[in-house]
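# Commentary on secondary and tertiary structure
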Amino acid sequence: MAVRASAFTFYGVQGTVYQAALSGPRVYDAAAVRLGDPRLSWTRASQLLMTLTDFTVIDLSDPTA
């Protein structure tokens, strides 16, 4: 599906969540972590997640879209 977004809000990030250990940070989980979540500072983000609040679905087979 293709969309044209005209309004969005930041939701969080998708990435690798680490946990403190005696030998240093270790991988704990791969997860979507919301902004404000205490795990955010322990997350190595790979993708930014957004919530689309106003968008239009685009038909890719229509050359005028």
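Everything below is about the structure printed above this text.
Now for a look at the structure at hand. (Residues numbered from 1 in each chain as written. Predicted model: local features only at pLDDT ≥ 70, side-chain atom pairs only at ≥ 80, totals over all residues. Heavy atoms only, no water.)

### A few points about a nonpolar patch on the surface
Together, Met1, Val3, Phe8, Phe10, Leu35, Leu48, Met50, Leu52, Phe55 and Val57 line one region of the surface with nonpolar side chains, adding up to about 1000 Å² of accessible area. Top element by residues in the nonpolar patch is strand S3 (residues 43–58). It accounts for 5 residues. Within the fold, methionine 1 resides in the segment before strand S1 (2–19). You can call methionine 1 exposed: its relative accessible area is 87%. (Patch = residues over 30% accessible without salt bridge, like charges linked within 9 Å, V, L, I, M, F, W, Y side chains within 5 Å. Areas by Shrake-Rupley, 256 points an atom, 1.4 Å probe, with all protein chains shown as cover. Salt bridge = Lys/Arg side-chain N within 4 Å of Asp/Glu carboxyl O. Helix = DSSP H or I, 4+ residues; strand = E, 2+ residues; numbered from the N terminus. Buried < 20%, exposed > 50% of the residue type's maximum accessible area, 1.4 Å probe, protein only.)

### Let's talk about the sheet that holds S1
Taken in spatial order, the 3 strands of this open sheet run S2-S1-S3, and their pairing is antiparallel. With partners counted over all chains shown, the strands left at the sheet margins are strand S2 (26–34) and S3, one partner each. The mean inter-strand angle of the sheet, taken between neighbouring strand axes irrespective of direction, is 20°. With 8 bridges joining them, S1 and S2 adopt antiparallel strand pairing. Counted as the bridge partner of glutamine 19 is arginine 26 from S2. (Pairing = 2+ DSSP bridges. Axes fitted to C-alpha atoms, helices over the stretch in contact; angles between N-to-C directions.)

### Details of the environment of proline 25
Tracing the chain through its elements places proline 25 in the loop between S1 and S2. For the pair proline 25 and tryptophan 42, spaced 17 residues apart in sequence, the C-alpha to C-alpha distance is 8.6 Å. Apart from the residues lying within four places of it in its own chain, the contact partners of proline 25 are Tyr18, Gln19 and Trp42. (Contact = heavy atoms within 4.5 Å.)

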